[in-house]
2 protein chains.
Amino acid sequence: MTDVEKAVPVAAPAEGAGGGRAGVVGAVLRQWRTQDLLDRSGSALRAGAWALSLLAFLVMACNEHGDWKQFDRYEEYRYIVAIGLLAFVYTTLQLLRQGVRLSGGQDLQPKTGLLVDFAGDQVTAYLMMSALSAAIPITNRMREGTDNVFTDSSAASISMAFLAFVCLAFSALISGFKLAKQTYI
Amino acid sequence: MTDVEKAVPVAAPAEGAGGGRAGVVGAVLRQWRTQDLLDRSGSALRAGAWALSLLAFLVMACNEHGDWKQFDRYEEYRYIVAIGLLAFVYTTLQLLRQGVRLSGGQDLQPKTGLLVDFAGDQVTAYLMMSALSAAIPITNRMREGTDNVFTDSSAASISMAFLAFVCLAFSALISGFKLAKQTYI
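This write-up is about the structure you can find in this document. (Residues numbered from 1 in each chain as written. Chains lettered and ligands numbered in written order. Predicted model: local features only at pLDDT ≥ 70, side-chain atom pairs only at ≥ 80, totals over all residues. Heavy atoms only, no water.)

Moving on, we get to the pattern of salt bridges. With the rule as written, the count across this model stands at 14 salt bridges over all chains. Across the pair Asp-147 of chain A and Arg-143 of chain A runs a salt bridge whose closest N-O atoms are separated by 3.0 Å. One salt bridge connects Lys-178 of chain B with Asp-39 of chain B, and the closest N-O pair in it is separated by 2.7 Å. Here the residue Lys-178 of chain B occupies a position in helix H4 (residues 149-184), and Asp-39 of chain B occupies one in helix H1 (residues 2-61), the gap between them amounting to 139 residues. Three or more residues joined by partner-sharing salt bridges are found here, namely Arg-46, Arg-97, Asp-117 and Asp-121 of chain A. (Salt bridge = Lys/Arg side-chain N within 4 Å of Asp/Glu carboxyl O. Helix = DSSP H or I, 4+ residues; strand = E, 2+ residues; numbered from the N terminus.)

So, in structure tokens, the structure goes:
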């Protein structure tokens, strides 16, 4: 009886400590998994923004059908080409940077890197929103009069720009979250 | 002598503990001050956005000078009135909520409150950017032809909308930071 009574208090703390260790490991694993999920969604969103801004830019830049149906006669359409190109260059550089990081190359300081990520994503998202909003009213007005390949291509380019904006906005959300976490912990 | 020797070891740990306590108190005070600064800048930015969106909305809504110089004949200008009003209502509700909170009334759950703050600020900032970008090209085109009180009022309203956007964007930055901090700590 005394042996059992002696063993119980020893066993109980040991089990407690084991449970605690499993809890800590579980918490760390969960945090890693969250981190991994954030990283993966961030990359996926940037790749999406890359493809969509390339499409928005190309569709509009090829939108030349002579006479008044030339994209470069309208400042709104020139703006969407410029911002589409900018977003494409930005996301390309980000994807290249990520490739360098994954292959073990040198990257920016972690804090600077996160700040660049967040500021870049957020500013590009605002610019994209601005460009697509500027191009909508003139396209609407043209389509009231006539519907042809020029107005349809403009509408397609605007839709691609909107989808690229959505990707960039979510990417800014994720990188802002990572930045705030890094700053405080 | 023994009285003094007795007194010293008692005094020393007390002083050490006092220093430790002062360090902790200092850290807590510093955190409070940061928190306070964030809260205060958040409130100031919301108050700024309130005033500027009210101005943007009023200046455009009073922009009626007969014939083609009526804001409600152009969808871009109707859009800026609608979004200006929405931003005004949103910031008014936020300021009222803050008043209730300061006077000790009931508020949302902390997490829900921060989420509402961030989502509201960010969405309003995107909408504001969209509305002012849509209104710029048509104003530009009108001013190429003629410069009168109608086009000047439109330009003034767009500028106010831009300043309101800047306030909302920074406010979104601050509330996003608070939300991320709250979620992780």
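What follows is about the relation of the copies chain A and chain B. Between chain A and chain B, which share one sequence, the superposing operator has a rotation angle of 179° and an axial displacement of 0.1 Å; the RMSD is 0.3 Å. Within this description, the copies of the chain are treated as partners about a two-fold rotation axis. Residues of chain A ranked by C-alpha distance from the rotation axis are headed by Ala-134 of chain A, positioned 2.1 Å from it. Interface overlap between copies: 96% of the residues of chain A at the interface are likewise at the interface in chain B, consistent with a symmetric, same-surface contact. (Least-squares fit on C-alpha atoms with pLDDT ≥ 70 in both. Contact = heavy atoms within 4.5 Å.)

Let us now look at the interface of chain A and chain B. Taken together, the 25 residues of chain A in the interface contact 24 residues of chain B. Summed over both partners, the interface of chain A with chain B comes to about 2200 Å²; 65% of that surface belongs to carbon and sulfur atoms. At the boundary of chain A and chain B, one finds two salt bridges. For the salt bridge of Glu-76 of chain A with Arg-141 of chain B, the shortest nitrogen-to-oxygen distance reads 2.8 Å. For the pair chain A and chain B, the number of links is six residue pairs in polar contact (both at pLDDT 80 or more). When residues of the side of chain A that touches chain B are traced back to their parent elements, those giving at least two are helix H1 (2-61), helix H2 (75-102), helix H3 (110-145) and helix H4 (149-184) of chain A. (Buried area = accessible area lost by both parts, 1.4 Å probe. Polar contact = N/O pair within 3.5 Å; in protein donor to acceptor, adjacent residues only side chain to side chain.)

In this structure, Tyr-77 and Phe-165 of chain A together with Tyr-77 and Phe-165 of chain B are the most contacted members of the largest nonpolar core, which totals 64 residues. Contributing elements (two or more residues each) for this core: H1, H2, H3 and H4 of chain A together with H1, helix H2 (75-102), helix H3 (110-145) and H4 of chain B. (Core = buried A, V, L, I, M, F, W, Y, C linked by side-chain atoms within 4.5 Å. Buried < 20%, exposed > 50% of the residue type's maximum accessible area, 1.4 Å probe, protein only.)

Within a pair of aromatic rings, the relevant descriptors are the distance that separates the centres and the angle that separates the planes. This model, assessed by the stated rule, comprises 15 aromatic pairs over all chains. Relative to Phe-150 of chain A, the ring of Tyr-74 of chain A lies with its centre 6.1 Å away and its plane at 40°, an arrangement referred to as tilted. With Tyr-74 of chain A in the loop between H1 and H2 and Phe-150 of chain A in helix H4, this residue pair connects regions lying 76 residues apart in the sequence. A relative accessible area of 14% places Tyr-74 of chain A in the buried class. Relative to Tyr-126 of chain B, the ring of Tyr-126 of chain A has its centre 5.1 Å away and its plane inclined at 50°; by these criteria the two rings are tilted. (Phe/Tyr/Trp six-rings, centres within 6.5 Å; stacked < 30°, edge-to-face > 60°.)

Everything listed here is a matter of coordinates, which is why it stays silent on function.
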